[in-house]
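Examining the three-dimensional arrangement
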Amino acid sequence: MEPNGPYIVHGPAVIVDADGHEREVALGHTVKLCRCGHSATKPFCDETHRTVDFVSRPRFEPEVRR
Ligand code: FES
């Protein structure tokens, strides 16, 4: 995951969309999936996150033990 940017998927992997359509990511290939919601090529990132000032919190918060 890129801070303030997309999810990054390194192959080999299979991405399944909400309709169950599958897209293979081959070994040695990488795809970026939009997290900001502004890409014109969803579900893929088209770098629009850079112009919409998308801010994310890509790190786990420390676990609070009680
Ligand atoms: S995360 Fe890059 S366009 Fe949305």
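An account of the accompanying structure is given in this report. Values in this document were obtained by computation on a predicted structure and should not be read as measured data.

**Description of the overall build of the protein chain**
The number of helices and strands found in the protein chain is zero helices and four strands. In terms of overall size, the protein chain is more extended than a compact globule, its C-alpha atoms giving a radius of gyration of 14 Å where 66 residues would be expected to give roughly 11 Å. In terms of its C-alpha atoms, the protein chain occupies a principal-axis envelope of roughly 40 × 30 × 25 Å. Buried residues in the protein chain amount to 6% of all 66 residues. A fraction of 30% describes how many contacts in the protein chain between residues 6 or more apart in sequence connect residues 24 or more apart.

**Considerations on the pairing of strand β3 (residues 22-25)**
Every other side chain in a regular strand lies on the same face of the sheet, so the side chains alternate between the two faces. With four bridges connecting them, strand β2 (residues 13-16) and β3 associate as antiparallel partners. Each residue of the ladder has a partner; that of Val-16, found in β3, is Glu-22. With antiparallel pairing between neighbouring strands as the criterion, β2 and β3 make up a hairpin whose turn holds five residues, including Gly-20 at a positive phi of roughly 90°.

**What to know about the environment of Asn-4**
Along the chain, Asn-4 turns up in the segment before β1 (7-10). Residue classification places Asn-4 among the partly exposed positions, given that 15 C-beta atoms sit within 10 Å. On a C-alpha basis, the gap between Asn-4 and Phe-44 in space is 15 Å, while along the polypeptide they are 40 residues apart. What Asn-4 contacts, discounting residues up to four positions off in sequence, is His-49, Phe-54, Val-55 and Ser-56.

**A word on unusual backbone geometry**
Following Gly-11, the chain continues into Pro-12 via a peptide bond in cis, with omega recorded as 10°. Turning to its location among the elements, Pro-12 is positioned in the loop between β1 and β2. Residue Pro-43 follows Lys-42 across a cis peptide bond; omega there is 10°. Phi angles above zero are rare outside glycine, and Glu-47 is one such case at about 75°. Summarising the element assignment, Glu-47 is placed in the segment after β4 (30-33).

**Looking at the environment of Leu-33**
Following the sequence through the fold, Leu-33 ends up in strand β4. Distance in space between the C-alpha atoms of Leu-33 and Met-1 is 9.4 Å, their sequence separation being 32 residues. Beyond its immediate chain neighbours, meaning those up to four positions away, Leu-33 contacts Pro-6, Tyr-7, Val-9, Pro-43, Phe-44 and Cys-45.

Rules of the game
- Residues numbered from 1 in each chain as written.
- Predicted model: local features only at pLDDT ≥ 70, side-chain atom pairs only at ≥ 80, totals over all residues.
- Helix = DSSP H or I, 4+ residues; strand = E, 2+ residues; numbered from the N terminus.
- Rg over C-alpha atoms; globule rule 2.2 N^0.38 Å.
- Buried ≥ 20, exposed ≤ 12 C-beta atoms within 10 Å, placed from the backbone.
- Contact = placed C-beta atoms within 7 Å.
- Pairing = 2+ DSSP bridges.

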